[in-house]
2 protein chains.
Amino acid sequence: MNHPSPLRHYRNQLVRFGVLCLIASPFMSAQTSNTLLPKPAQMTVAAGSIPFTGNFTVSLNGAHNPILEAATRRTLDALELSTGIPLGKGLQAPDATLTIQVQDPSGTRPTLDTDESYSIHSTGNKIVLKAGNVFGALHGLETLQQLLQVEGGNYVIPAVQIDDAPRFPWRGFMLDVSRHFMPLPVIYRTLDGMAAVKLNVFHWHLTDDQGFRVESKRFPQLTQVGSDHLFYTQDQVRAVIAYASARGIRVVPEFDVPGHVTSWLIGMPELGSIQRPYALARTFGVWDGALDPTKDSTYQFLDAFIGEMADLFPDEYMHMGGDESNGKDWKANPQIVDFMKAHNMKSTEELQAYFSARVLELVKGHHKQMVGWDEILTPNTPKDAIIQSWRGVESLAVASKQGNRGILSAPYYLDGMKTSERMYLDDPIPDGSALTAEQQKLVLGGEACMWAEQITPQTVDSRVWPRTAALAERFWSPRETRDVPDMYRRLAVESLRLDALGLTHISGPQSGLRQLAGGEEGAAQLAVLASTLSPVSFGERYHQQRTSQLTPMGNPVDYLRPDPALRENLLLIADRYLHSTSPAEHSAARQQLESLFQSWIDSGPRLDSLAADNPRLRQLSERRIQLVKLGTLGVQALKAIDSHKAPSAAWIEQQNALLKEAGSHTELTDFVVLPPLQQLLEAAGKH
Amino acid sequence: MNHPSPLRHYRNQLVRFGVLCLIASPFMSAQTSNTLLPKPAQMTVAAGSIPFTGNFTVSLNGAHNPILEAATRRTLDALELSTGIPLGKGLQAPDATLTIQVQDPSGTRPTLDTDESYSIHSTGNKIVLKAGNVFGALHGLETLQQLLQVEGGNYVIPAVQIDDAPRFPWRGFMLDVSRHFMPLPVIYRTLDGMAAVKLNVFHWHLTDDQGFRVESKRFPQLTQVGSDHLFYTQDQVRAVIAYASARGIRVVPEFDVPGHVTSWLIGMPELGSIQRPYALARTFGVWDGALDPTKDSTYQFLDAFIGEMADLFPDEYMHMGGDESNGKDWKANPQIVDFMKAHNMKSTEELQAYFSARVLELVKGHHKQMVGWDEILTPNTPKDAIIQSWRGVESLAVASKQGNRGILSAPYYLDGMKTSERMYLDDPIPDGSALTAEQQKLVLGGEACMWAEQITPQTVDSRVWPRTAALAERFWSPRETRDVPDMYRRLAVESLRLDALGLTHISGPQSGLRQLAGGEEGAAQLAVLASTLSPVSFGERYHQQRTSQLTPMGNPVDYLRPDPALRENLLLIADRYLHSTSPAEHSAARQQLESLFQSWIDSGPRLDSLAADNPRLRQLSERRIQLVKLGTLGVQALKAIDSHKAPSAAWIEQQNALLKEAGSHTELTDFVVLPPLQQLLEAAGKH
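Worth saying up front: this structure is predicted, and the values here are computed from it rather than measured.

## A word on the overall build of chain A
Turning to step 1, where the next piece is worked out: Helix and strand counts for chain A stand at 25 helices and 19 strands.
Turning to step 2, where the next piece is worked out: Taking 26 Å as the expected radius of gyration for a compact globule of 687 residues, we find that chain A reaches 27 Å, a close match to that expectation.
Turning to step 3, where the next piece is worked out: In terms of overall dimensions, chain A has C-alpha extents of about 80 × 70 × 50 Å along its principal axes.
Turning to step 4, where the next piece is worked out: Out of the 687 residues in chain A, the part that is buried amounts to 62%.
Turning to step 5, where the next piece is worked out: Here chain A displays about 24,300 Å² of accessible surface, and carbon together with sulfur accounts for 54% of that area.
Turning to step 6, where the next piece is worked out: In chain A, 63 positive and 75 negative side-chain charges are present, and the distance between their average locations comes to 3 Å.

Have a look at this one:
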């Protein structure tokens, strides 16, 4: 079927706004009912549904728990806001539509062994949410919000039986607030997003070479001279923890030692291995400054500091870092070298193992369990240390075999700018793992990590979301949940839900493009280009630009989104065009492709004229030229395929060269649209 | 000149996205260099400009003041972010590009009599900013950021001589945080926006029937049972005041008495005139609850409470409300009636005057001056009371003649949803004012007022900005600054600057449309309609919808913007089409009009299909149908004018009926595009 002309024109026009186009359309024919993310462990959809009207009422079944009550009110508010239907706010309604039954409603703070399971049974005109405790019920309330849908023009909750529980108990998100300080609104909205997708550990990377971000009342000099006056007071920390607890999220603080401590040594140089003037590190990388592991005074300080922080942070786990300690300052201090000799230590790694063991004892002395990066893992590492693996999944296997519990982060570094798909498919327990079932139980879960070298409060959300929601499913849902197109279908919906919560992953880049282009009109032009590009990885950008803490982060690359929607959607449409057996689908896909490619061609002169008055847009001048050429490639390939006339070998060679050139890391960006173009080119060549 | 086809096509396409189109284009031919807002009192533009490069340096000329240093750093950060050029952050550079000379750098908090003047002299390769004190310098730094522009593809600061000072010393913005609580991020970003446009009084309406929002340590029951647990702690208040002071903004708290006190009486019913059970008011309007003005215990309480608040809020002024006390409870209490008789009071107004006089004495006792709404003005009102006029400019004249100082707010109620133009042209001292020069000096300025009956943290910014920036110019710039098109030209730029500061007046409604439409694609369709509509005024919405504090505010009307850009721009383009003597201009304007009208016609079926699955969009079903008809009217009028063929009388009558129908307050909305359509219709009829 050919679309009637007005509709085609309309699509044509939408397609020109690259970011706008192609988001929902490829999915329209897929199953549209269930958009739950993460996917529940077990779900059965029954026939029928419960109308969602102003008569919707709730009963907490007599339970009185401030966290549960507040979460239920938030759920009602969210349902009201997304339907426009005013609801009563009573929480103990007789004969309620939604009954929440919590066996033990006394919970105030989640812990690693909290039972997070819940069930939802909706049928007839009633919904029953059951959970063993408050935190399971919180997850159920999030699922309930995601269940709301439109059926026959009305809002309904479908009839379902959900029996849900997480696969892993440690489902974390790490935020570095040292390299760039993240003010409280960022923290709060991050916690909102985490709760929405059932993440349950906020790992707060509070100290590093570039800034010490938490107030110590015992050692106030740490923030006084080590933070640019950008830090969280203890009152603020307590408020954040209360907010997180009320959303079923544990807060695990990290104090990174013995390396990454430049910011500590400014106010307390006596802790350092080398006496030199210390100043805040502005550039990134591995610094030499390190605590002196040979002095008793170091451990006396750590004991006092850990004790203070153990009181401030109620969670049973404390992260003590341990990564990237290069040992240079240790080797440069004769007393430390003597100490190593006296203790028969052959390497600084052995000295770090000694240090880690002592720190672990201090942490235990304050009734906490220690987490550390995988550098702390040695054959002698105490069994009660938890290993967070950032260098690869292998060290997690080693840890498990040694009997240490572990958390995987290596594949989940958000600054790598990898696609949701790629991170999503990386499992904490990989295919063919040699671990026994018992050893596998020691893998507690995973953490997405957001390092802050190249992000600001304005751009952080666009690096974190929605990709972290895909990872949340990896950590929560059964191992076999691996259908990538279905994940993207649900992720597109979840991304909008996160937008409604106040996260700025959509609005932030849009605002940035407005700023760059000087208004909406220019931003719409720039969006055509932006929708085809991803920022290069942290490492690649660092290599090209040598960013520091003082580098302004308001350039085009900062307002590109990793894994933009067009990447996955263009793959699907090209596939449909090339392989669909339905003539209507084939024809519709062809129309979408041609309109898109034409928009790329059209973008050239428009962006040239925009850039003439806009020095910052010149940063994308190569990409602008390439996009026009890629659009031309696309249009000509379509023509060749349709006409069954093979293009000349010279032309094909030229286009392959173009794809190769466009495939390089240029202007801090990567094109995300090349594979489907390659497919089209190959298909054209076969005719 | 006719545009070449690709460009026309491009415009055509942009125009379809109503909100995107027509924003910058009408202004492109106007003067583009100066976008300062508010306009300085005096400015001379010289030849030449100072290149803005990474060599730009600053010297505070030896001054050390934390407020000045922080503001200078913020300015450097903003310049970096908007140019992408990294700058050094030293503040005492030798031979600096920018020298800041502050005569008295000791300021820590602005007051009503702070000298806010400053001058900027930029020439050669140097810029000198001079001010008598820190707060004048802060204004100069904001101006400096607005001066940055692109010239010949490079960033420059133009050579100028600016001598600037405000017309009025009281340039306020009032935010009601009682009807809907506004969390701290809203407060902070509001202060950011105020500082950007040189507003200097944050009037914090902290108490009302619907919520008591500030912690009292002496009377904790006020918030414990009168706030839904939504209030600011005293620590938070102090932090807000520090933040405001550092931006040259005074914080004037309001405690509204003797009426609007329902929230007070829940925890302290003994203060009430009638003993009844009090509960938080959910609906709006004038409630009967009122403090008992006849009991000594009332004044003892007020003395203690005012004393506590006088310590908390350092500003010399305290607002004690006084509005809309209906006297019903007073008349219903025989003891109060007896008191009135005994004191020979003939009306409850006289009783309120007695009460106001006693409150003023209490306020004075705590070394504050009292501000009150114009109800407190009687012939006997003490001369040191300041009158804030909300009922009309007349009471301000009465106040001035009596010797009372006054602040105008009546024309500046943001919930009236009036255009920027209309509010902008309303002067605190109207044309033909009968006040003497001396009396005019008693008019201290004005305040934009944002009442919170129908706003939420998600929508507040779109009601406040950018309209409040236009008012800021009314309060700051010389009286004769009244060029409306030029104001709109600069306001469009300022709106983007506010967007960059993190205000959500653009991103919030965009996110709302995404939520309503279920994605970007639908949002773009909905934006065509939204760009032609304004929300009706508070009163009209209340009349139609009977909103309460519990009404969900996430409907289409909540995501419309008052005074959308299309209103002013369409007027300009229609005028150009009808009256331009340049054939090229005429032809370009015609093309823009036709594309726009066509986009309205096309929106019909698209929005119908969107609304089919979207119950909330049915709220705009009449407007959708009308927009298609209005688009058809437009297209046909253009044809008639071009062909010089008068349409039939029946058709004209039909179109007039359509315009009349479209002109009604329907579905909580007003069309903003009708006057230019009326003009086109009339022009068509004349042929």
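Following the structure, the description resumes.
## Re the UniProt feature "domain: Glycoside hydrolase family 20 catalytic" (unreviewed entry) in chain A
Turning to step 1, where the next piece is worked out: With numbering matched to this structure, UniProt assigns "domain: Glycoside hydrolase family 20 catalytic" (unreviewed entry) to residues 168-478 of chain A.
Turning to step 2, where the next piece is worked out: Counted over residues 168-478 of chain A, helix gives 38% and strand 14%. Its end C-alpha atoms are 9 Å apart.

## A closer look at the pattern of salt bridges
Residue and element names in this part refer to chain A.
Turning to step 1, where the next piece is worked out: For the coordinates displayed, the defined rule picks out 78 salt bridges over all chains.
Turning to step 2, where the next piece is worked out: The shortest N-O distance in the salt bridge between R282 and D228 comes to 2.8 Å. Of the two residues, R282 sits in the loop between α7 (262-267) and α8 (296-312) while D228 sits in the loop between α5 (221-224) and α6 (234-245), which places them 54 residues apart along the sequence.
Turning to step 3, where the next piece is worked out: Judged by relative accessible area, which is 26%, R282 ranks as partly exposed.

## Looking at the domain arrangement of chain A
All names here are of chain A.
Turning to step 1, where the next piece is worked out: What the domain assignment reports for chain A is domain 1 (5-25 + 518-686), domain 2 (42-164) and domain 3 (170-481).
Turning to step 2, where the next piece is worked out: Once you take the C-alpha centre of each, domain 2 and domain 3 turn out to be 35 Å apart.
Turning to step 3, where the next piece is worked out: Counting from both sides, the interface comprises 16 residues of domain 2 and, opposite them, 19 residues of domain 3.
Turning to step 4, where the next piece is worked out: A buried area of about 1,500 Å², summed over both sides, lies between domain 2 and domain 3, and 53% of it is on carbon and sulfur atoms.
Turning to step 5, where the next piece is worked out: Residue E316 pairs with R109 through a salt bridge whose shortest N-O separation is 3.4 Å.
Turning to step 6, where the next piece is worked out: In this structure, the connection of domain 2 to domain 3 is made through 6 residue pairs in polar contact (both at pLDDT 80 or more).
Turning to step 7, where the next piece is worked out: Mapped onto the side of domain 2 that touches domain 3, the elements with two or more residues apiece are α2 (66-83) and α3 (134-147).

## Notes on the UniProt feature "active site" (unreviewed entry) in chain A
Residue and element names in this part refer to chain A.
Turning to step 1, where the next piece is worked out: The UniProt entry lists E324 under the feature "active site" (unreviewed entry), expressed in the numbering used here.
Turning to step 2, where the next piece is worked out: One can find E324 in the loop between β13 (317-319) and α9 (328-332).
Turning to step 3, where the next piece is worked out: Residue contacts for E324: discarding those within four places in its chain leaves H260, V286, E375 and W390.

## Regarding the packing of aromatic side chains
Residues and elements named next belong to chain A.
Turning to step 1, where the next piece is worked out: Enumeration according to the criterion identifies 46 aromatic pairs over all chains in this entry.
Turning to step 2, where the next piece is worked out: Between the aromatic rings of F219 and F301, the centroid separation amounts to 4.7 Å while the plane-to-plane angle is 65 degrees, which identifies the pairing as edge-to-face. With F219 in the loop between β11 (211-212) and α5 and F301 in helix α8, this pair connects stretches of sequence that are 82 residues apart. Taken as a pair, F219 and F301 share a single burial class, namely buried.

## Quick word on empty space enclosed by the protein
Residue and element names in this part refer to chain B.
Turning to step 1, where the next piece is worked out: Going through the model one piece at a time under the given rule, you end up with 15 cavities of 30 Å³ or more.
Turning to step 2, where the next piece is worked out: Roughly 80 Å³ of internal volume is contained in the largest cavity.
Turning to step 3, where the next piece is worked out: Taken together, 14 residues make up the lining of the largest cavity; nearest its centre are M417, Q454, I455, R463 and R541.
Turning to step 4, where the next piece is worked out: A breakdown of the residues in the lining of the largest cavity according to their chemical character gives 8 nonpolar, 2 polar and 4 charged.
Turning to step 5, where the next piece is worked out: Counting the residues that make up the lining of the largest cavity, at least three belong to each of domain 1 (5-25 + 506-686) and domain 3 (170-500).

## Notes on unusual backbone geometry
Turning to step 1, where the next piece is worked out: W465 of chain A connects to P466 of chain A through a cis peptide bond whose omega is 0 degrees.
Turning to step 2, where the next piece is worked out: Counting through the fold element by element, P466 of chain A comes out in the loop between α15 (460-464) and α16 (467-476).
Turning to step 3, where the next piece is worked out: Even without a glycine there, the phi angle at D95 of chain B is positive, about 50 degrees.
Turning to step 4, where the next piece is worked out: Mapped onto the fold, D95 of chain B is located in the loop between α2 (66-83) and β3 (98-104).
Turning to step 5, where the next piece is worked out: A positive phi angle, near 65 degrees, is found at H367 of chain B, a position not held by glycine.
Turning to step 6, where the next piece is worked out: Tracing the sequence through the fold places H367 of chain B in the loop between α11 (348-365) and β14 (369-373).
Turning to step 7, where the next piece is worked out: You can call H367 of chain B exposed: its relative accessible area is 69%.

## Let's talk about the packing of α2 of chain A against α3 of chain A
Residues and elements named next belong to chain A.
Turning to step 1, where the next piece is worked out: Remark: α2 packs on α3, axes separated minimally by 10 Å, with the N-to-C direction vectors making an angle of 0 degrees. One element, α2, and the other, α3, form an angle in the roughly parallel class. Taking contact as the criterion, the partners of I67, L68, A71, T72, T75, A78 and L79 in α2 are, on α3, V134, F135, A137, L138, L141, L144 and Q145.
Turning to step 2, where the next piece is worked out: In terms of residue class, the contact of α2 with α3 is built from 11 nonpolar, 3 polar and no charged.

## Quick look at the side chain of D315 of chain B
Residues and elements named next belong to chain B.
Turning to step 1, where the next piece is worked out: Of note, D315 is situated in the loop between α8 (296-312) and β13 (317-319).
Turning to step 2, where the next piece is worked out: With relative accessibility at 2%, the residue D315 sits in the buried group.
Turning to step 3, where the next piece is worked out: A distance of 3.0 Å separates a polar atom in the side chain of D315 from the backbone nitrogen of Y317.
Turning to step 4, where the next piece is worked out: If we ignore the near neighbours within four places in the chain, the residues touching D315 are R109, P110, R250, V251, V252 and K368.

## Notes on the environment of A684 of chain B
Residues and elements named next belong to chain B.
Turning to step 1, where the next piece is worked out: By the secondary structure assignment, A684 is in helix α25 (residues 674-686).
Turning to step 2, where the next piece is worked out: Taking the relative accessible area as the measure of exposure, A684 reaches 0% and is therefore buried.
Turning to step 3, where the next piece is worked out: Along the backbone, A684 and K346 are 338 residues apart, and their C-alpha atoms lie at a distance of 63 Å.
Turning to step 4, where the next piece is worked out: Residues in contact with A684, not counting those within four places in the same chain, are A637, A640, I641, A646 and P647.

## Re the environment of D427 of chain B
Residue and element names in this part refer to chain B.
Turning to step 1, where the next piece is worked out: Secondary-structure assignment places D427 in the loop between α13 (420-425) and α14 (437-440).
Turning to step 2, where the next piece is worked out: The spacing of D427 and L471 is 44 residues in sequence and 9.7 Å in space, taken between C-alpha atoms.
Turning to step 3, where the next piece is worked out: When near neighbours in sequence (up to four residues on either side) are disregarded, D427 contacts R167, L408, Y412, R474, R479 and R482.
Turning to step 4, where the next piece is worked out: Here the side chain of D427 touches R167 through a polar contact of 2.8 Å, side chain to side chain.

Calculation criteria
- Residues numbered from 1 in each chain as written.
- Chains lettered and ligands numbered in written order.
- Predicted model: local features only at pLDDT ≥ 70, side-chain atom pairs only at ≥ 80, totals over all residues.
- Heavy atoms only, no water.
- Helix = DSSP H or I, 4+ residues; strand = E, 2+ residues; numbered from the N terminus.
- Rg over C-alpha atoms; globule rule 2.2 N^0.38 Å.
- Buried < 20%, exposed > 50% of the residue type's maximum accessible area, 1.4 Å probe, protein only.
- Areas by Shrake-Rupley, 256 points an atom, 1.4 Å probe, with all protein chains shown as cover.
- Lys, Arg positive; Asp, Glu negative; His and termini not counted.
- Charge placed at Lys NZ, Arg CZ, Asp CG, Glu CD.
- UniProt positions renumbered as here; feature names shortened; annotations may be inferred.
- Salt bridge = Lys/Arg side-chain N within 4 Å of Asp/Glu carboxyl O.
- Domains from an automatic or database assignment.
- Contact = heavy atoms within 4.5 Å.
- Buried area = accessible area lost by both parts, 1.4 Å probe.
- Polar contact = N/O pair within 3.5 Å; in protein donor to acceptor, adjacent residues only side chain to side chain.
- Phe/Tyr/Trp six-rings, centres within 6.5 Å; stacked < 30°, edge-to-face > 60°.
- 1 Å grid on protein atoms, 1.4 Å probe; cavity = no way out; pocket = protein on both sides within 12 Å on 5 of 7 lines; lining within 4 Å.
- Points joined across faces, edges and corners; volume = space filled by probe spheres on them.
- Nonpolar A, V, L, I, M, F, W, Y, C, P; charged D, E, K, R; others polar.
- Axes fitted to C-alpha atoms, helices over the stretch in contact; angles between N-to-C directions.
- Parallel < 35°, antiparallel > 145°, perpendicular 65-115°, else oblique.

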